[in-house]
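# Fold and contact review
Chain by chain, the residues run as shown.
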Amino acid sequence: MTSDPRPARRDGPRCHLRQPQYRDESELRALRRASWAELEPWEPTREPDEDPCSAKWFRNYLGRSRSPSNATYLLVRNADNVLLGHLGLGVITRGALQSAYAGYWVGTPFRRQGWMTQGLGLLLEVAFVDLGLHRLEANIRPENEPSLKLAARVGFQREGYSPKYLHIDGAWCDHERWAVLSEDWLATRDAGS
């Protein structure tokens, strides 16, 4: 039996990442509901009857978080254990690729306070230190300037442009393709130590 390389928790100075639990349902759903006006323009299209803040959504979220091809985390403030948002690695691919896609969002009350910069830094540690991945990719809509700046701030590099990449809000939307390689991230991290 092989142990799961996904850590249950990764700690930072102001916040930490931890895997979601059943007990998080009401708080996470409330945060999504309170933040939905700002999240909706960036979220992939769902089935017409799928409420993105419902109990069914949470059950599906928790189920996906248990999949070996995902590493799903809640961003939690250290001072009081308040949930701030979500970060995750999806489509974790092993073999010759050793890669995953990064996804993230922060709740509206916590935007532009540096939480996601630290959270995404912690997710990079999970990807490159704990999981031993080589590449992490983030696909970001060109008009999502805060997310583009965040990706650049933590070491992602723009690699290209993907026309009509993902269906969002009733339309196929273009995305910029950003990525970071483990050796580049490790060199930058070690230079800053």
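This write-up is about the structure you can find in this document. What you see is a predicted model, and the numbers here were worked out from it, not measured in a lab. (Residues numbered from 1 in each chain as written. Predicted model: local features only at pLDDT ≥ 70, side-chain atom pairs only at ≥ 80, totals over all residues. Heavy atoms only, no water.)

As a further point, take the sheet that holds strand E7 (residues 157-168). Ordered by their spatial adjacency, 8 strands build an open sheet running E1-E2-E3-E4-E5-E6-E8-E7, and the pairing between neighbours is mixed. Each edge of the open sheet is held by one strand with a lone partner, namely strand E1 (9-11) and E7. Neighbour-to-neighbour, the strand axes of this sheet turn through a mean angle of 25 degrees, independent of strand direction. Sheet topology places strand E3 (residues 71-77) next to strand E4 (residues 83-93); 6 bridges connect them, and they run antiparallel. (Pairing = 2+ DSSP bridges. Helix = DSSP H or I, 4+ residues; strand = E, 2+ residues; numbered from the N terminus. Axes fitted to C-alpha atoms, helices over the stretch in contact; angles between N-to-C directions.)

Right, let's talk about the pattern of salt bridges for a bit. In this structure the tally under the stated criterion is 13 salt bridges. Across the pair Arg-135 and Glu-137 runs a salt bridge whose closest N-O atoms are separated by 2.9 Å. With respect to burial, Arg-135 and Glu-137 carry one shared label: buried. A salt bridge links Arg-135 to Glu-159, with the nearest nitrogen and oxygen atoms 2.6 Å apart. Note that Arg-135 is positioned in strand E6 (residues 135-140) and Glu-159 in strand E7, a separation of 24 residues in sequence. For Arg-135, a relative accessible area of 16% corresponds to the buried category. Here Glu-159 falls in the partly exposed class, since its relative accessible area comes to 41%. Put simply, Arg-10, Glu-125 and Asp-130 are held in one network by salt bridges that share partners. (Salt bridge = Lys/Arg side-chain N within 4 Å of Asp/Glu carboxyl O. Buried < 20%, exposed > 50% of the residue type's maximum accessible area, 1.4 Å probe, protein only.)

Without other data, these values stay purely geometric and don't point to any function.
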